[in-house]
Amino acid sequence: MLDIRDLSVFYGDAQALDGVSLEVGAGQVVALVGANGAGKTSLIRTVAGILKPRGGSIRFDGREIGGLDSHRVCDLGVGQVAEGRQVFPSMSVLENLQVGAMLPRARAQAAVTLERVFAMFPRLKERAGQLAGTLSGGEQQMLAIGRCLMGAPRMIMFDEPSLGLSPTLVAEVFRTIRELHGQGMTILLVEQNVAASLQLADRAYVLENGSIVLEGSGTALLDDPRVKEAYLGL
Ligand SMILES: Nc1ncnc2c1ncn2[C@@H]1O[C@H](COP(=O)(O)OP(=O)(O)OP(=O)(O)O)[C@@H](O)[C@H]1O
Ligand SMILES: [Mg+2]
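1. Structural notes on the site of ligand 1
In the vicinity of ligand 1, the contacting residues are Tyr11, Ala16, Ala35, Asn36, Gly37, Ala38, Gly39, Lys40, Thr41, Ser42, Glu83 and Glu160. Residue contributions to the shell around ligand 1 peak at 3 residues, all from helix 1 (residues 40–47). Its residues assigned to classes, the shell around ligand 1 shows 4 nonpolar, 5 polar and 3 charged.

2. Structural notes on the nonpolar core
Counting residues in each nonpolar core, the largest one holds 37 residues, and the members touching the most others are Leu149 and Phe158. The set of elements that each furnish at least two residues to this core consists of helix 3 (93–99), helix 5 (110–120), helix 7 (137–150), strand 7 (155–159), helix 8 (167–182) and strand 8 (186–190). In terms of residue count, the dominant contributor to this core is helix 7 (7 residues). Two domains each provide a minimum of three residues to this core, namely domain 1 (2–77 + 154–231) and domain 2 (88–153). Setting aside residues no more than four positions away along its own chain, Phe158 makes contact with Ile44, Val81, Ile145, Ile177, Leu180, Ile187, Leu188, Leu189 and Val190.

3. Overview of the packing of aromatic side chains
Under the criterion given, the structure shown has 0 aromatic pairs. Taking the ring centre of Phe10 as reference, the NZ or CZ of Arg54 above it sits at 3.8 Å.

4. Comments concerning the domain arrangement of the chain
When the domains of the chain are assigned, the result is domain 1 (2–77 + 154–231) and domain 2 (88–153). With 20 residues of domain 1 at the interface, the matching set in domain 2 holds 15 residues. Carbon and sulfur atoms supply 70% of the area that domain 1 and domain 2 bury against each other, a total of about 1,400 Å² over both sides. Looking only at domain 1, the three residues that lose the most surface to domain 2 are Asp75, Ile156 and Thr176, adding up to 29% of its buried area. Inspection of the region where domain 1 meets domain 2 yields 0 salt bridges. Here domain 1 and domain 2 share 3 residue pairs in polar contact (both at pLDDT 80 or more) between them. Counting only elements with at least two residues in the side of domain 1 that touches domain 2, the list comes to helix 2 (70–75), strand 7 and helix 8. Counting residues per element, the side of domain 1 that touches domain 2 draws most heavily on helix 8, which supplies 6 residues. Partitioned by chemical class, the residues of the side of domain 1 that touches domain 2 number 11 nonpolar, 4 polar and 5 charged.

5. A short note on the state of the cysteines
In total, this model carries 0 disulfides according to the counting rule given. Counting only cysteine sulfurs, Cys74 is the nearest neighbor of Cys148, a cysteine outside any disulfide, at a range of 7.7 Å. Residue Cys148 is classed as buried on the basis of its relative accessible area of 10%.

6. Considerations on the pattern of salt bridges
In this structure the tally under the stated criterion is 8 salt bridges. Note that Asp3 and Arg5 form a salt bridge whose closest N and O atoms lie 3.1 Å from each other. We classify Asp3 as buried; its relative accessible area is 18%. You can call Arg5 partly exposed: its relative accessible area is 47%. Residue Glu179 pairs with Arg175 through a salt bridge whose shortest N-O separation is 2.9 Å. Taken as a pair, Glu179 and Arg175 lie in helix 8 at a separation of 4 residues, close to a single helical turn. Residues joined in a network through salt bridges with shared partners are Arg123, Arg127 and Glu139.

7. Some thoughts on the pairing of strand 10 (residues 211–217)
The pairing of strand 9 (residues 203–208) with strand 10 spans 6 bridges and is classified as antiparallel. When the bridges of strand 10 are listed, Ala204 appears paired with Gly216. If you look at the hairpin formed by strand 9 and strand 10, you'll find 2 residues sitting between the two strands, and Asn209 has a positive phi there, around 45°.

8. Topic: helix 1
Burial runs high along helix 1: 6 of the 8 residues are buried. Taken as a whole, helix 1 has its buried residues at Lys40, Ser42, Leu43, Ile44, Thr46 and Val47. Phi for Gly49, located one or two positions after helix 1, is positive at around 90°.

9. Quick look at helix 5
Considered for burial, the residues of helix 5 that qualify are Ala110, Thr113, Leu114, Val117, Phe118 and Met120. Summarising the axial view, the buried residues of helix 5 lie within an arc of 160°, below the 170-degree limit, and thus occupy one face. Set apart from the buried face of helix 5 by more than 90 degrees, the exposed residues are Ala111, Val112 and Ala119. In this structure, the buried side of helix 5 is in contact with helix 3, helix 4 (104–107), helix 6 (122–126), helix 7 and helix 8.

Cut-offs used in this document
For every chain, the first residue of the written sequence is number 1, and numbering continues from 1 along that sequence. Labels are handed out in written order, letters beginning with A for the chains and numbers beginning with 1 for the ligands. The predicted nature of this model means local features are confined to residues of pLDDT at least 70 and side-chain atom pairs, given and counted, to a pLDDT of 80 or more, with totals for whole chains, interfaces and linings taken over all residues. Note that the side-chain values use all heavy atoms of the structure and ignore hydrogens as well as water. We call a residue near a molecule or strand when any one of its heavy atoms sits within 4 Å of it. Secondary structure is summarised from DSSP: a helix means a run of H or I of at least four residues, a strand means a run of E of at least two, and numbering begins at the N terminus for each. When residue character is reported, Ala, Val, Leu, Ile, Met, Phe, Trp, Tyr, Cys and Pro are called nonpolar, Asp, Glu, Lys and Arg charged, and the others, Gly included, polar. Take the buried residues of types Ala, Val, Leu, Ile, Met, Phe, Trp, Tyr and Cys, join any two whose side-chain atoms come within 4.5 Å, and each joined set is a nonpolar core. We call a residue buried when its accessible area falls under 20% of the maximum for its residue type, exposed when it is over 50%, and partly exposed in between, using a 1.4 Å probe and counting protein chains only. Boundaries between domains were set according to an automatic or database domain assignment. Between two residues, a contact is recorded if the distance between any of their heavy atoms is within 4.5 Å. Whether two aromatic rings pair depends on their centres lying within 6.5 Å, for rings of Phe, Tyr and Trp, where Trp uses its six-membered ring; planes under 30 degrees apart make the pair stacked, over 60 edge-to-face, and the rest tilted. We count a charge as sitting over a ring when the NZ of a lysine or the CZ of an arginine lies within 6 Å of the ring centre and within 35 degrees of the ring normal. Buried area counts how much accessible surface, traced with a 1.4 Å probe, disappears from two parts once they are put together, with both parts' losses summed. In what follows, salt bridge is the name for a side-chain nitrogen of Lys or Arg lying within 4 Å of a carboxyl oxygen of Asp or Glu. Whenever two N or O atoms come within 3.5 Å, that pair is a polar contact, provided that in protein one can donate a hydrogen and the other can accept it, and provided that, for residues adjacent in sequence, both atoms are side-chain atoms. Our working definition of a disulfide is a cysteine sulfur pair at a distance within 2.5 Å. Any two strands with at least two DSSP-identified bridges between them are counted as paired. Picture the helix axis, draw a direction to every C-beta atom, and the arc is the one those directions span.

In structure tokens:
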């Protein structure tokens, strides 16, 4: 579904991604692992159309999306749950969700999607009128995921969805991702809980200094001595 070939991305003269190739098959969970500054967020932001690639290609369903505007990419079905909880604090929960469904394809199915989001996160339904900025951290993360779903994505890129959450809420975020996977959603997952993300992943890639250095099935990488040492602290 997502096919990235030889992607390079720069911030000015500084290269963030160098010849990255990565594939996410339909219905798969693919984990992207890497240390701070490796380029994980840069990759997600480039696929989302926020950063422009300098070289290489990004195909979504066979169609080149590299360099398209972010709203075009979003309307094609590429969703992202960005790093940090990017909710609009002075808008209500319901308004935040409605913002997620502004593009034409999503708007056409917004009423149905809203019921699905409320079924998945009953807490958001209970608090529909509450200002998003007054939600707890975990609730804000649920709202960020719910808002992404409102865009009727066909693939979701998660950037550190459990960052800063308590263990119980981390488990809830993973439960949500598993549930979406069970419904057939295609997922690219960046998670600092490397073990948990590799357990969930059909395939995984390790990114170091802007390049892929290792790839394989989630279980193969869990057993890889380099991964154990560098990312699992074993
Ligand atoms: N707006 C920017 N301007 C210049 N350099 C940037 C910018 N954003 C990121 N970088 C640099 O690009 C490199 C990759 O950053 P990126 O945020 O993609 O890493 P990451 O893998 O997501 O790290 P983390 O795990 O800390 O979130 C880093 O060296 C970072 O300093
Ligand atoms: Mg990042």
